[in-house]
Each structure stands twice: as structure tokens, then as C-alpha cells.
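Notes for the structure review
If you want the building blocks of each chain, they are given just below.
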Amino acid sequence: MNFVTWNMGNRKGAWDYLLEVIKPDFALLQEAQVIGQRPGHVLWQAIGGNRVKYREKGRYRWGSAVWSSKHELKEVQVNTYRGWIQAAQVAQSKALTLVSMHVELDRAGRSIPNLHKMLSDLTPLLEASPQVVLGGDLNADVVFDKRYGTRRHSIAFDRIEDLGLSHCNRLIDPGQRGTFR
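Structural notes, computed from the coordinates.

What counts and what doesn't
- Residues numbered from 1 in each chain as written.
- Predicted model: local features only at pLDDT ≥ 70, side-chain atom pairs only at ≥ 80, totals over all residues.
- Heavy atoms only, no water.
- Helix = DSSP H or I, 4+ residues; strand = E, 2+ residues; numbered from the N terminus.
- Polar contact = N/O pair within 3.5 Å; in protein donor to acceptor, adjacent residues only side chain to side chain.
- Contact = heavy atoms within 4.5 Å.
- Pairing = 2+ DSSP bridges.
- Axes fitted to C-alpha atoms, helices over the stretch in contact; angles between N-to-C directions.
- Phe/Tyr/Trp six-rings, centres within 6.5 Å; stacked < 30°, edge-to-face > 60°.
- Buried < 20%, exposed > 50% of the residue type's maximum accessible area, 1.4 Å probe, protein only.
- Patch = residues over 30% accessible without salt bridge, like charges linked within 9 Å, V, L, I, M, F, W, Y side chains within 5 Å.
- Areas by Shrake-Rupley, 256 points an atom, 1.4 Å probe, with all protein chains shown as cover.
- Salt bridge = Lys/Arg side-chain N within 4 Å of Asp/Glu carboxyl O.
- Core = buried A, V, L, I, M, F, W, Y, C linked by side-chain atoms within 4.5 Å.

Moving on, we get to the side chain of Gln-86. For Gln-86, the location among the structural elements is in strand S6 (residues 85-90). Here the side chain of Gln-86 touches Glu-75 through a polar contact of 3.4 Å, side chain to side chain. Ignoring any residue separated from it by four or fewer positions in sequence, one finds Gln-86 in contact with Leu-43, Trp-44, Gln-45, Ser-64, Ala-65, Val-66, Glu-75, Leu-98, Val-99 and Ser-100.

So this is what it looks like as C-alpha cells:
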């Protein structure tokens, strides 16, 4: 099975690129907008006014999504961070849980406090699921710790690994990691 996690940035042509070039079996998407009929199966919800940073001042028309090329998906209820987190199970086999999450920066420009809150809210689901693929735009990287002389990001990724998940960003050279910065 091929998985991709991607912040689509609500860009024009992103869905075409996903479907025609990347061609994954499963996609964990952030800043995705689901409009009209697309091939495959998707669970998605717009963030709307569920903003952490600005509350009701703005309404995002995009959100996090879980997409599958062939497998029907069953939504897994996550009663927190609506639109920021989307969870699903493959309908035919409840053994695989897919979680797409996007961590918004707070008013001070930090992601880690929101990441810890999200992980706390997801812990029961992550501990109860036999196989989990969690991916997303966490707005976090241990490279920031080196830049700012902190351990906040390292602690968050240690926590992710303590939940039994692998931090696949460790496989990518820090100089090769993609970011808008």
C-alpha cells in the first residue's frame, strides 16, 4: 500500500496532481477542499469557524481529509478540533485507522501547545487501534529546536513515538525537508 500525507494548500490543480501523478492508495490531506465528484472515497469536513487562533473571525473553506483510491472509508468520531482532524477506518477491515491532522499556530506563533492538546485528545483512539497511520501538517520539526535552543519539538515527537508511532521525518535529511520557511 502507498500512503501520502500532503498539505495541498488549497491549490488549484492539487487534486489532479494527487490523482494523476502521485496515485496513492491512501492520502492524508490538509488544507484540502472537496468539491464535486472525485474518484475514490473521501471523508472531509471544512474547518469553518473552528479556528484556534482567530476564533470566529475567519472561516476556512478547507480542512483535513482522508482519501482512499479503492477502499470505502468509515468515519471515526473525533469530537475535537473539527476540520483540523479527520479520522477513518477502512470499512472492510477495522484494523487500519487513518488520521489526518493539521496543527494551527497559536497567537504567539507556536504549534507545540496545540499539537500536545490534539495528541491528548487522540490518545484513546491511538491506543485502541491495532494499526494506525497518522500524518499531517504538524507545523513542527526538531530542526526548530536547534535553531531556537529548545526541546519543545523533540519532546512532542518523543511523545508521538511513545504512542507506538514512528516518526518518519527522521528518514529525511533535515536539509531536504520541505517547508514554506
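On we go from here.
Across the sheet, four strands lie side by side as S1-S2-S4-S3; this open sheet has mixed pairing. In this open sheet, the two strands that pair with only one neighbour each are strand S1 (3-7) and strand S3 (41-44). Ignoring strand direction, the axes of neighbouring strands in this sheet form an average angle of 15°. Pairing between S1 and strand S2 (residues 26-32): five bridges, direction parallel. Paired with Phe-3 across the bridge in S2 is Phe-26. Helix-sheet contacts for helix H1 (residues 14-22) involve S1, S2, S3 and strand S4 (63-68), and the interaxial angle to S1 is about 160°.

Here the structure, examined in full by the defined rule, presents five aromatic pairs. Residues Tyr-60 and Trp-84 carry aromatic rings whose centres are separated by 5.9 Å and whose planes lie at 80° to one another, so their mutual orientation is edge-to-face. Residue Tyr-60 is found in the loop between S3 and S4, and its partner Trp-84 is found in the loop between strand S5 (73-75) and S6; the two are separated by 24 residues along the sequence. Judged by relative accessible area, which is 21%, Tyr-60 ranks as partly exposed. Judged by centre distance (6.0 Å) and plane angle (90°), the rings of Trp-62 and Trp-84 are edge-to-face. Taken together, the residues Trp-62 in the loop between S3 and S4 and Trp-84 in the loop between S5 and S6 connect sequence positions 22 residues apart.

On the surface, a cluster of nonpolar side chains totalling about 260 Å² of accessible area is made up of Tyr-17, Val-21 and Ile-22. With respect to the helices, strands and loops of the structure, Val-21 is situated in helix H1.

Before going further, it helps to spend a moment on the nonpolar core. Ranked by size, the top nonpolar core spans 26 residues in total, and within it Ile-85, Met-101, Leu-115, Met-118, Leu-122, Leu-125 and Leu-138 carry the most contacts. Mapped by element, the contributors of at least two residues to this core are S6, strand S7 (96-102), helix H2 (112-128) and helix H4 (152-162). Those residues within four positions of Leu-138 in sequence are excluded, and the remaining contacts are Met-101, Val-103, Ser-111, Leu-115, Phe-157 and Ile-160. Of all hydrophobic cores here, the second largest spans ten residues; its members include Met-8, Trp-15, Leu-29 and Trp-67.

Function cannot be inferred from these measures alone, as they are strictly geometric.
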